[in-house]
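These are the residues of each chain, in order.
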Amino acid sequence: MLTITKPEENRVDIDLSGKISSDEMAQGLDDLLEQSQDVNNGKMLYTITSFAFPDLGAIAAEMARLPKLFGLLGRFDRCAVLSDTSWLRTAAEVEGALIPGFDIKAFDLTERDEAEAWLKTGAA
């Protein structure tokens, strides 16, 4: 399942759980692109639970949208990643170190309050 919501004007939340089909990936990414159109200096809360590698169709759906997804990076300043998997948290922080001007901080699922605080103030 991949669900995109916009709880605040400059915030988008992504919830990813389990294995994602190509249709779910396509719809989720289209939702992300649509809901991020008017975001500036945005914040993102990305929650990943029970992660399973997506099928090839889902990867193809993502690859087809890569240019537009890269364009989103300029709309967001920071992303808090909540995950129940330590290697995903590590990967998220490495990715954040590689993208200039986009801060990514990873948190355990039990640290939602800390993630929310970091998104708002930059301190956890």
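Numbers given to residues run from 1 along each chain, matching the order in which its sequence is written. Whole-chain, interface and lining totals are the exception, using all residues; otherwise, since this is a predicted model, local features are given only for residues with pLDDT of at least 70 and side-chain atom pairs are given and counted only at 80 or more. Hydrogens and water molecules were not included; the side-chain quantities draw on all heavy atoms of the structure.

Caption draft 1: Quick look at the nonpolar core. Core analysis: the biggest nonpolar cluster contains 26 residues, and Leu-2, Met-25 and Leu-32 have the highest contact counts within it. When contributions to this core are tallied by element, the ones reaching two or more residues are strand E1 (2–8), strand E2 (11–18), helix H1 (22–35), strand E3 (42–51), helix H2 (56–64), helix H3 (66–72), strand E4 (76–83) and helix H4 (86–98). Put simply, DSSP marks the helices as runs of H or I at least four residues long and the strands as runs of E at least two long, and each gets a number from the N terminus on. In terms of residues, this core owes the most to one element, H1, which gives five residues. Here, two residues are considered to be in contact whenever any of their heavy atoms come within 4.5 Å of each other. Among residues more than four places away in sequence, those in contact with Leu-32 are Ile-4, Val-12, Ile-14, Leu-69 and Leu-72. As used here, the term nonpolar core means buried Ala, Val, Leu, Ile, Met, Phe, Trp, Tyr and Cys residues forming a set that is joined through side-chain atoms within 4.5 Å. Per-residue accessibility, obtained with a 1.4 Å probe over protein chains only, is compared with the maximum for each type, and a residue is labelled buried under 20%, exposed over 50%, and partly exposed between these values.

Caption draft 2: Spotlight on the pairing of E1. Taken together, the five bridges between E1 and E2 define a ladder with antiparallel strand orientation. Looking at E2, one finds that Glu-8 is bridged to Arg-11. Between E1 and E2, which pair antiparallel one after the other, the connecting turn spans two residues. When DSSP locates at least two bridges between a pair of strands, those strands are taken to pair.

Caption draft 3: The packing of aromatic side chains, seen in detail. Stacked, tilted and edge-to-face are the three classes assigned to paired rings of Phe, Tyr and Trp, where Trp is represented by its six-membered ring and a pair needs centres within 6.5 Å; plane angles under 30 degrees give stacked, over 60 edge-to-face, the rest tilted. What the rule picks out here adds up to one aromatic pair. Ring geometry for Phe-107 and Trp-118: centres 6.3 Å apart, planes at 55°, overall tilted. With Phe-107 in strand E5 (residues 103–108) and Trp-118 in helix H5 (residues 112–121), this residue pair connects regions lying 11 residues apart in the sequence. Just as Phe-107 is buried, Trp-118 falls in that class too. Counting as a charge over the ring demands two things of the Lys NZ or Arg CZ atom: a distance within 6 Å of the ring centre and an angle within 35 degrees of the ring normal. Seen from the ring of Trp-118, Arg-78 lies directly overhead, with NZ or CZ sitting 4.6 Å from the centre.

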